[in-house]
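Residue-level structure breakdown
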Amino acid sequence: MRIDEVDGLRIATFGTGPRTIIAVHGITASLMAWAAVGRRLPDGWSLVAVDLRGRGHSASLPGPYGLPRHAEDVLRVADHVGAGPDAVLTGHSMGAYVAALAAARREFARVVLVDGGIPLPPIPEGMDPDAALEAVLGPALARLRQTFPSAQAYVEFFQAHPAFAGRWNADVEAYVRYDLTGPEGALRSRAAGEAVLEDGRWLHLEREAIGAALRAITSPLYLLRAPRGLLDQPTGMLPDELARPWTDLLPGLRDEVVPDCNHYTILFDERCVATVVDRLTSPG
C-alpha cells in the first residue's frame, strides 16, 4: 500500500498495474474498507482508495460536506493519478452514491455500485431527516459519540457487532485499527460526526438528484447487492423491491446479488471479495 495526498485528501494505492480502479468508501468508513479488494487484484491492475473529507486521515478537511462535494474530490483524485476513460469507478454504501454522481460527469470504463447507489425510500412525512438517519445507522452514529480506553477495546466493540460476529479476519481488524485517533484512554473514531450527519441528510433529502445522476451515466453500470443488512438482518440495504424499479428503468444496469454477504462483509469476506474483484476487472 502506497500513501499519497491530494489537496489534503489521503489516498492509498494497492497494486502497480496500469489499469486503475478509483474506490470510494461508506459514510462512517475509510479507505481501508477497500484494502481486501486492493490486495486481491489480478496482475495489471491497481486500486486507488480515498479517505473522504471528514473521515480517516482526511478528517480534518473542512466542510461543506454533502455528496456533490465528495464527488468533486473523487474526480480530483482521478485526475491526480491520471485515471483516463479506461479506469473503473466503484463505491460502497454511501460511496456508491458518490460514485454515481461522479460518473454522471465523466466517462469510465465501467461503474460498479456495491450495496448502494439506488435512491433510498422517502422519509415518512413529518419525520426529521436526522431521526431517519438514526433509524438506519443507529449503532454507527452511537460509536462516533463514544470513547474507548484502548485500541483493543475498540477492536472488541467491533467484534461484537452482528455484521462481524463469526466473520472476523485480519482485514476487518486492520480497518478498525486504522479508524482510531485520540489519546490512550480516550480513543475515538476518526469520522467526524458533523460530516456523517450532513452527508446522511443529503442522502435522504436528495433522492431526485441521485436518480438524475443514475439516468445520466453512460458508462457500463453494475450493481452488486448484499442480501443481508448492516446488522446482518435478513433484509439487505437494497432489497429487490427497491432495486427492481431501477433495473426496469435502466436496461443497461446489471444487477447481481452476491450470496451469503451482509452490507459489510461484501468487502471483507474472501468469497464475497473475489466476486467484487471479478466484476471490477473482468471484461464484459
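Residues numbered from 1 in each chain as written. Predicted model: local features only at pLDDT ≥ 70, side-chain atom pairs only at ≥ 80, totals over all residues. Heavy atoms only, no water.

With an unreviewed UniProt entry as reference, the protein chain is termed Pimeloyl-ACP methyl ester carboxylesterase, source organism Nonomuraea rubra.

Here we look at the nonpolar core
Applicable threshold: For our purposes a nonpolar core is just a set of buried Ala, Val, Leu, Ile, Met, Phe, Trp, Tyr and Cys residues, chained together by side-chain atoms within 4.5 Å. Only protein chains enter the area calculation, which uses a 1.4 Å probe; residues under 20% of their type maximum are buried, those over 50% are exposed, and those in between are partly exposed. Starting at the N terminus, helices and strands are each numbered in turn, a helix being any DSSP run of H or I of at least four residues and a strand any DSSP run of E of at least two.
One finds Trp34, Val37, Leu47, Leu89, Leu214 and Leu267 to be the most contacted residues of the largest nonpolar core, which totals 102 residues. It is helix 3 (residues 94–103) that contributes the most residues to this core, nine residues altogether.

Quick look at the side chain of Asp73
Stated formally: We call two N or O atoms a polar contact when they sit within 3.5 Å, provided that within protein one can donate a hydrogen and the other can accept it, with sequence-adjacent residues counted only if both atoms are side-chain atoms. Here, two residues are considered to be in contact whenever any of their heavy atoms come within 4.5 Å of each other.
Looking at the secondary structure, you find Asp73 in helix 2 (residues 67–80). According to the relative accessible area criterion, Asp73 is buried, its value standing at 2%. At a separation of 2.7 Å, a polar atom in the side chain of Asp73 contacts the side chain of Arg53. Apart from the residues lying within four places of it in its own chain, the contact partners of Asp73 are Leu9 and Arg53.

With respect to the packing of aromatic side chains
Stated precisely, the cut-off is as follows: Pairing of aromatic side chains requires ring centres within 6.5 Å, counting the rings of Phe and Tyr and the six-membered ring of Trp. Pairs whose planes differ by under 30 degrees are stacked, by over 60 edge-to-face, and all others tilted.
Applying the stated criterion across every chain, the model contains nine aromatic pairs. For the ring pair Phe164 and Phe268, a centre distance of 6.1 Å and an interplane angle of 75 degrees mean the geometry is edge-to-face. You can see Phe164 sitting in the loop between helix 5 (151–159) and helix 6 (170–178) and its partner Phe268 sitting in the loop between strand 10 (253–257) and helix 10 (270–281), a full 104 residues away along the chain. Across the pair, exposure class does not vary: Phe164 and Phe268 are buried alike.

Observations regarding the pattern of salt bridges
Put simply, the rule reads: Here, a salt bridge means any side-chain nitrogen of Lys or Arg that lies within 4 Å of a carboxyl oxygen of Asp or Glu.
Inspection of the entire model under this criterion finds 16 salt bridges. Ionic contacts of the salt-bridge type, sharing partners, join the residues Asp7, Arg53, Asp73 and Arg76 into one network.

Points about unusual backbone geometry
With an omega of 5 degrees, the peptide bond running from Gly63 to Pro64 counts as cis. Secondary-structure assignment places Pro64 in the loop between strand 4 (45–50) and helix 2. Phi is positive for Asp7, close to 50 degrees, though the residue is something other than glycine. Considering the arrangement of structural elements, one finds Asp7 in the loop between strand 1 (2–6) and strand 2 (9–15).

Examining the sheet that holds strand 2
Within a sheet, adjacent strands bond to each other through the backbone by hydrogen bonds, running parallel or antiparallel. Worth spelling out the cut-off: Only strands joined by at least two bridges in the DSSP assignment are considered to pair. Think of each axis as a best-fit line through the C-alpha atoms, taken over the contacting stretch in the case of a helix, with angles from 0 to 180 degrees between the N-to-C directions.
The strand order across the open sheet built from eight strands is 1-2-4-3-5-6-9-10, with neighbouring strands paired in mixed fashion. Taken across any chain shown, the strands that pair with only one partner, and hence form the sheet edges, are strand 1 and strand 10. The sheet shows a mean angle of 20 degrees between the axes of neighbouring strands, direction not considered. Sheet topology places strand 3 (residues 19–24) next to strand 4; six bridges connect them, and they run parallel. By the bridge assignment for strand 4, Arg19 is matched with Trp45. Of the strands in this sheet, strand 9 (221–225) and strand 10 touch helix 9 (residues 240–249), which is tilted by about 160 degrees from strand 10.

Focus: the environment of Val77
With respect to the secondary-structure elements, Val77 resides in helix 2. Linking Val77 and Asp7, residues 70 residues apart in sequence, is a C-alpha distance of 8.9 Å. Every residue in contact with Val77, bar those within four places of it in the chain, is listed here: Val6, Leu9, Ile11, Val48 and Val50.

So, the packing of helix 2 against helix 3
Note the following rule: Note that the term roughly parallel is reserved for angles under 35 degrees, roughly antiparallel for angles over 145, roughly perpendicular for angles of 65 to 115, and oblique for everything else. By definition, any crossing whose near helix is turned counterclockwise from its far helix by less than a right angle is left-handed, and any crossing with a clockwise turn is right-handed. Under the grouping applied here, Gly and all other residues not named as nonpolar or charged are polar, the nonpolar ones being Ala, Val, Leu, Ile, Met, Phe, Trp, Tyr, Cys and Pro and the charged ones Asp, Glu, Lys and Arg.
It is at 8 Å that the axes of helix 2 and helix 3 come closest, and there the two elements cross at 70 degrees. It follows from the interaxial angle that helix 2 and helix 3 lie roughly perpendicular. Considering only the axes of helix 2 and helix 3, their crossing is right-handed. In this structure, helix 2 uses Leu67, Pro68, His70, Ala71, Val74 and Leu75 to contact helix 3, whose residues at the interface are Met94, Tyr97, Val98, Leu101 and Ala102. Class assignment of the residues belonging to the contact of helix 2 with helix 3 gives a composition of ten nonpolar, one polar and no charged.

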